[in-house]
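# Structural description and commentary
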Amino acid sequence: MNFRRGSRNGEPEINLIPLIDVVLVIIIFLMLTTTFSKVSGLEIKLPTAEAEGGETEAREIVVAVTAAGEVLVNRQAVGERSVEAIAAALGKSAPADGDTPPVVVINADARTPHQSVVDVMQAAQRAGLPHITFATQSSAQ
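Reference entry: report on the structure contained in this document. As the structure is a computational prediction, the values presented were derived from the model and not from experiment.

### Topic: a nonpolar patch on the surface
A contiguous nonpolar surface patch, about 810 Å² in accessible area, is contributed by I14, L16, L19, I20, V23, L24, I27 and M31. Assignment of secondary structure puts L19 in helix α1 (residues 17–33).

Right under this line is the structure:
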């Protein structure tokens, strides 16, 4: 018997077929075990605009909330800080005529307690004013 030891004359070969088989099995396994779930998010319907017709200014009710939590509706102080008193003041300042309710613009100080802003939002909801926005200033000022 003649056993050869030593180097081969040609270059060594790497067989890629088993590697491809293993990769395909892994891909099939991952495809079968992966579950796809739809994450529910906010459904936002963007407004549409037409180029024709002029812009109309939205009626606004400006609500200022100081750092101490005091509430001013259209620059008039509200006596109490309760949701009912703020809702009454918002109801008085909202015009009765018109197809769309006015927009409530909340100007809150940066140090305002969070609860004071939430109270103003609840009062706007109780007064039948669903459109609320917050006024901010840019950091350049």
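Now that the structure is up, let's keep going.
### A closer look at the packing of helix α2 (residues 83–93) against helix α3 (residues 114–126)
Where α2 contacts α3, the axes come no closer than 8 Å and their chain directions differ by 55°. Overall, the two elements α2 and α3 adopt an arrangement that is oblique. Note that α2 runs across α3; the crossing there is right-handed. Residues V83, E84, I86, A87 and L90 of α2 pack against D119, V120, Q122, A123, A124 and R126 of α3. When the residues that make up the contact of α2 with α3 are grouped by side-chain class, the tally is seven nonpolar, one polar and three charged.

### Let's talk about the nonpolar core
Formed by 19 residues in total, the largest nonpolar core has its most connected members in V63, V73 and L90. Of all elements in the fold, only β1 (60–65), β2 (71–73), α2, β4 (103–108) and α3 reach the threshold of two or more residues within this core. Sorting elements by how many residues they give to this core places α2 first, with six residues. In contact with L90, other than residues within four places in its own chain, are I61, V63, V73, V120, A123, A124, A127 and L129.

### Comments concerning the pattern of salt bridges
One side chain can pair with another of opposite charge once the charged atoms of both are near each other. In total, this model carries two salt bridges according to the counting rule given. Across the pair E84 and R126 runs a salt bridge whose closest N-O atoms are separated by 2.8 Å. Residue E84 is located in helix α2, and its partner R126 is located in helix α3; the two are separated by 42 residues in the primary sequence. Here R111 and D109 are joined by a salt bridge, their closest N and O atoms 3.8 Å apart. For R111, a relative accessible area of 65% gives the class exposed. Owing to a relative accessible area of 30%, D109 belongs among the partly exposed residues under this scheme.

### Section: the sheet that holds β2
Pairing is mixed across the open sheet formed by five strands, whose spatial order is β3-β2-β1-β4-β5. Every interior strand has two partners, whereas the edge strands, β3 (76–77) and β5 (132–134), have only one. Across two bridges, the pairing between β2 and β3 is antiparallel. The residue bridging L72 from the neighbouring strand is A77, located in β3. On top of the sheet, α2 reaches β1 and β2; it is set at about 15° to β2, its chief contact.

What counts, and at which threshold
Residues numbered from 1 in each chain as written. Predicted model: local features only at pLDDT ≥ 70, side-chain atom pairs only at ≥ 80, totals over all residues. Heavy atoms only, no water. Patch = residues over 30% accessible without salt bridge, like charges linked within 9 Å, V, L, I, M, F, W, Y side chains within 5 Å. Areas by Shrake-Rupley, 256 points an atom, 1.4 Å probe, with all protein chains shown as cover. Salt bridge = Lys/Arg side-chain N within 4 Å of Asp/Glu carboxyl O. Helix = DSSP H or I, 4+ residues; strand = E, 2+ residues; numbered from the N terminus. Axes fitted to C-alpha atoms, helices over the stretch in contact; angles between N-to-C directions. Parallel < 35°, antiparallel > 145°, perpendicular 65-115°, else oblique. Left-handed = near helix turned anticlockwise from the far one by under 90°. Contact = heavy atoms within 4.5 Å. Nonpolar A, V, L, I, M, F, W, Y, C, P; charged D, E, K, R; others polar. Core = buried A, V, L, I, M, F, W, Y, C linked by side-chain atoms within 4.5 Å. Buried < 20%, exposed > 50% of the residue type's maximum accessible area, 1.4 Å probe, protein only. Pairing = 2+ DSSP bridges.

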